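The chain contents come next:
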Amino acid sequence: LGYSLDEVQGKGMDIFGEKPLEATSKQKILNVLSSGKVWSGTVTKKKKDGSLIICESKLSPLLDENGVTQSYIDILRDVTRQKETETKLKIQRQLNERILATMPEGVIVVDDGDRILLANKAFKNMFQLNRMATQYKPVNEIIHKDQLLKNYLAVKKGEKAGSTLEFRHKLNDVEKVITCKTMKMDGGQTLLTFTDISKEREEEEKLYLTDRLA
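Structure report, in brief. Counting of residues starts from 1 at the beginning of each chain's written sequence and follows it residue by residue. The predicted nature of this model means local features are confined to residues of pLDDT at least 70 and side-chain atom pairs, given and counted, to a pLDDT of 80 or more, with totals for whole chains, interfaces and linings taken over all residues. Side-chain calculation: all heavy atoms of the structure are included, whereas hydrogens and water are not.

**A few points about the nonpolar core**
What tends to happen in soluble globular proteins is that the nonpolar side chains get buried as a cluster.
Next up, step 1: Core analysis: the biggest nonpolar cluster contains 20 residues, and Ile-108, Phe-123, Phe-127, Val-139, Ile-143, Leu-192 and Phe-194 have the highest contact counts within it.
Next up, step 2: Note on conventions: DSSP H or I runs of at least 4 residues are helices, E runs of at least 2 residues are strands, and numbering of each starts at the N terminus. Broken down by element, the residue count for this core peaks at three residues, all from helix H6 (residues 146–156).
Next up, step 3: The criterion used for residue contact is that any of the two residues' heavy atoms lie within 4.5 Å. If we skip the residues at most four places from it in the chain, Leu-192 touches Gly-106, Val-107, Ile-108, Val-110, Ile-143, Tyr-152, Cys-180, Lys-181 and Thr-182. Throughout this description, the term nonpolar core refers to a set of buried Ala, Val, Leu, Ile, Met, Phe, Trp, Tyr and Cys residues connected via side-chain atoms within 4.5 Å. Relative accessibility under 20% of the residue-type maximum defines a buried residue, over 50% an exposed one, and the middle range a partly exposed one, all with a 1.4 Å probe and only protein chains included.

Next comes the structure, spelled out in structure tokens:
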């Protein structure tokens, strides 16, 4: 924390605190220590230069031969970088989740064991799976198109670098035209992106018929 022993000896613990410990929090800690147990938690400490660090603390009572608490031992481990990394990862994960939630394309990520790790809302809506839990389900339980599964396996095994497959899917007596782009990811994962192109194909068919009539 940047102090010498002479600077801190005999001083109260509050000099190391970001702010004075609240009475209720202090009492909770004392309750644990008075039962002879070790209190552990995450605390913010203030260094001599005023900067703050996050520490994992293990506070235990030091007893005399009669079992009476004489003092306390506080073991601190600086976890500032670890906590900063965890916070950044959490923010990034939340950002990714927001992006996936707003994407019009259906997206799933499949692990090396052919189980779905992630499926966004658009994918569930596209295949009417909004009430079904998809996480960790085998991909062949969710996707029933043989051609699509064969394409996925070919990309997963490295037989194809990537592939786009167009197929027709019927929902509520309405046939939709969907494309699926399959790509290999790091860590043995595979990304599948589904796009509903029914309107585009319908417009193309109308233009084709118009040209034939002309």
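So much for the structure itself; the text now carries on.
**As for H6**
Next up, step 1: By the burial criterion, the buried members of H6 are Leu-148, Leu-149, Asn-151, Tyr-152, Ala-154, Val-155 and Lys-156.
Next up, step 2: Gly-158 sits one or two residues past H6 and shows a positive phi near 85 degrees.

**So, the sheet that holds strand S6 (residues 162–171)**
Next up, step 1: One bridge is not enough; two strands pair if DSSP finds at least two bridges between them. Judged by pairing direction, the sheet is antiparallel, and its five strands sit side by side in the order S5-S4-S8-S7-S6 without closing on themselves. For this open sheet the edge positions go to strand S5 (116–119) and S6, each flanked by a neighbour on one side alone. With direction set aside, neighbouring strand axes in the sheet form an average angle of 20 degrees.
Next up, step 2: Here strand S7 (residues 174–184) pairs with strand S8 (residues 190–196) via seven bridges, running antiparallel. Bridging from a neighbouring strand, Lys-181 pairs with Thr-193 of S8. Working convention: axes come from line fits to C-alpha atoms, limited for helices to the stretch in contact. Angles between N-to-C directions cover 0 to 180 degrees.

So yeah, pure geometry; function would need other evidence.
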